[in-house]
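Descriptive structure summary
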Amino acid sequence: MSRCSRSHLHRLGQCRFTLSPETESRFETFSEITQPQAHRKEGGNFTMTQTPPPSMAALRDELRGFHEQIQASQDAADQALLHREAAYLALNIGETAVALTHALACLDLARACQDLNLQTKAHVAVAIVQAEGYDDLGAAEHFRHAEDLARAAGDHRGVALVAVNVSHYQMQRGEYLAAATQLGALSHPPYLGVLKQPDSAELRQVFHINYVVSAAEALMAHETQIADLESWRMRLRASAHELQLLHANQTGLTNALHLLDVLDALMRYALWQDDLPAAQQFADEFVQVSRRLGSTVMYGRALLNRSRVRARMQQWEGSIQDAEAAIAQFETGQHDLWAVRGRTALAEAYAQTQQFREAFETQREVTQQVESLYRQYHQQRALLGQITQQAREAEVRATAFAEAALQDSLTGIPNRAYAMQLLAQLHGRAQQGESSAIALVDLDHFKQVNDTSGHAAGDLVLTRVAQTLNAGVRAVDSVARFGGEEFVVILRGVTLADAQDSCERLRRVLNDLNWDDVVPGLRTSASFGLAMLDGQRDLKATLHAADKALYRAKASGRNVVRTEHHSTDRIIDLS
């Protein structure tokens, strides 16, 4: 079973593997989403380039490297992706609390970027960590958020990503029929095209791994419940064939750790086919590779897999030895849930060999360990809950600080920093054909207000002008204080004529304001300099054009609207 994470490519020696005649044939079903890896066939054999997974020490070094990259990065989106990869890496080395911290940081940064695709990935990361911590409700909520965001953004790849990762946890909980059914839906448009794309190589490989595992187990356990049985079998054979090609040429793996998942999947596929020698061969290789990895949980899983194969072959002594060795690995690494699974398999093997007393004692140990696991589950859930709460509180504080940094403290409207961020976004949209307008607004003779009526009166004037401008634009438009007595009005998706009409209306409203409650007899007016954000020039040049138009408005007597082009200026009656 596998989830989408990142790429680790390591290369080492070669070995050979013979494919059976049945697996050498090509299958048409799923052919549109399979991407055959390059291989060389010699006399029925595939030359197999091995790509062993990195050691646990190497993974820990890589995690430290991610921490350094996060500290060095100044880009929020880049930091979010680094936190995401660090979360997956922390899970691979068994550090769930560290993984959750990184996943929540990823989500926080993704929200700040307002990038729906990035938020989809972040929610998936949080869900994965929560599912690893057995918080199924929390995981389901984040998977649901991820799918909703992906669908809202029209991100078919994001929807497929959610489905593949959901299937991973359905399989971990033994829900193989549900997992295979969900993955089968990805073989239809529009997800079919997504899985074919070159940049979806890892997603495609994880899809095949999870489909082989879930379909093989579902067919072995629930064959009578499956209506379209032959279609399931054909899809399973097609996906298994892709994994056999990856196994034969491991340099095609996008993540070296997936080799373990490929071996696990092919072993289950061989069990479904009742090809027990092949199942034993994959189980033996799984044991060898996982032993080199240095992960107690992966080595224990490999031994437990081989115990299962030997039980199918009725090699009970070997099955019992592997189960006992697996339990020892799980206990060394404090993987109590896997230890429970190992003891359950051991008790069954004892019962099959008429060793009922040993079976009873082992099953009693299972009961005791489940009780202990229940207590540990609540302790871990409390720890993860505490981390989540701390992250939420930090997010609230960070949001408040971010909002304060983008807000003008005097007038309460956005400030120059906010305006520049928004204008940068709109400039990108303008390059795709969605034009907007920028109007620089300067209060006429404002210095006289401060000089004659005091700065308190000047502050009141600035605040009321800001509120008036803000109330006079559409919900999609924005007003910000650019500095001093200068404001910027940003009008989205408008023509130059529309922008001129809006600015003229705002000019008249400001000109007619009553200031008797501030300074009796005070009159205010404002000059407007207007330029189009059309994507044909950079943002700096557009602001310069608006500033030149504002200068012309001041030079022509103030209290007027001027555009960047003389030919589009309107004659305004100031009487």
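One can find the structure itself at the top, above this paragraph.
Residues numbered from 1 in each chain as written. Predicted model: local features only at pLDDT ≥ 70, side-chain atom pairs only at ≥ 80, totals over all residues. Heavy atoms only, no water.

**Focus on the pattern of salt bridges**
The full count for this structure, using the stated rule, is 24 salt bridges. With a shortest N-O distance of 3.3 Å, R84 and E85 are connected by a salt bridge. With respect to burial, R84 and E85 carry one shared label: buried. A salt bridge links D264 to R268; the shortest N-O distance between them is 3.0 Å. Taken together, the positions of D264 and R268, both in helix 12 (residues 258–272) and four residues apart, correspond to about one turn of that helix. The exposure classification of D264 matches that of R268, with both residues buried. Here the salt bridges do not stand alone but share partners, grouping E217, D264, R268, R301 and R308 into one network. (Salt bridge = Lys/Arg side-chain N within 4 Å of Asp/Glu carboxyl O. Buried < 20%, exposed > 50% of the residue type's maximum accessible area, 1.4 Å probe, protein only. Helix = DSSP H or I, 4+ residues; strand = E, 2+ residues; numbered from the N terminus.)

**Overview of the sheet that holds strand 4 (residues 436–443)**
Here five strands make up an open sheet; going across it, the order is 5-6-4-7-8 and the pairing mixed. Because the sheet does not close on itself, it has two edges, and the strands there are strand 5 (478–483) and strand 8 (561–563). Within the sheet, the average angular offset between the axes of one strand and its neighbour, ignoring direction, is 25°. Seen against the sheet, helix 21 (residues 496–511) touches strand 4, strand 6 (486–492), strand 7 (526–533) and strand 8 and runs at an angle of roughly 160° to strand 7. Packing of helix 22 (residues 539–555) onto the sheet brings it into contact with strand 4, strand 5, strand 6, strand 7 and strand 8, and relative to strand 7 it is tilted by some 150°. (Pairing = 2+ DSSP bridges. Axes fitted to C-alpha atoms, helices over the stretch in contact; angles between N-to-C directions. Contact = heavy atoms within 4.5 Å.)

**Brief notes about the packing of aromatic side chains**
Counted under the stated rule, the structure contains three aromatic pairs. Centroid distance F207 to Y211: 6.2 Å. Interplanar angle 20°. Geometry classified as stacked. A residue pair is termed a helical-turn pair when its members lie 3 or 4 positions apart in one helix, as F207 and Y211 do in helix 10 (residues 201–222) at four residues. Judged by centre distance (5.8 Å) and plane angle (40°), the rings of Y269 and W272 are tilted. Of this pair, Y269 and W272 both sit in helix 12, three residues apart, roughly one helical turn. Overall, Y269 belongs to the buried group, its relative accessible area being 2%. Exposure remark for W272: the relative accessible area of 16% places this residue in the buried category. (Phe/Tyr/Trp six-rings, centres within 6.5 Å; stacked < 30°, edge-to-face > 60°.)

**Quick word on the packing of helix 10 against helix 12**
Running from N to C, helix 10 and helix 12 point in directions that differ by 30°, and their axes come no closer than 9 Å. The orientation of helix 10 with respect to helix 12, classified from their angle, is roughly parallel. Crossing of helix 10 over helix 12 shows left-handed handedness. Along the contact surface, helix 10 presents E202, Q205, V206, I209, V212, V213, A216, E217, L219 and M220, while helix 12 presents H258, D261, V262, D264, A265, R268, Y269, L271 and W272. A class-by-class count of the residues in the contact of helix 10 with helix 12 yields twelve nonpolar, two polar and five charged. (Parallel < 35°, antiparallel > 145°, perpendicular 65-115°, else oblique. Left-handed = near helix turned anticlockwise from the far one by under 90°. Nonpolar A, V, L, I, M, F, W, Y, C, P; charged D, E, K, R; others polar.)

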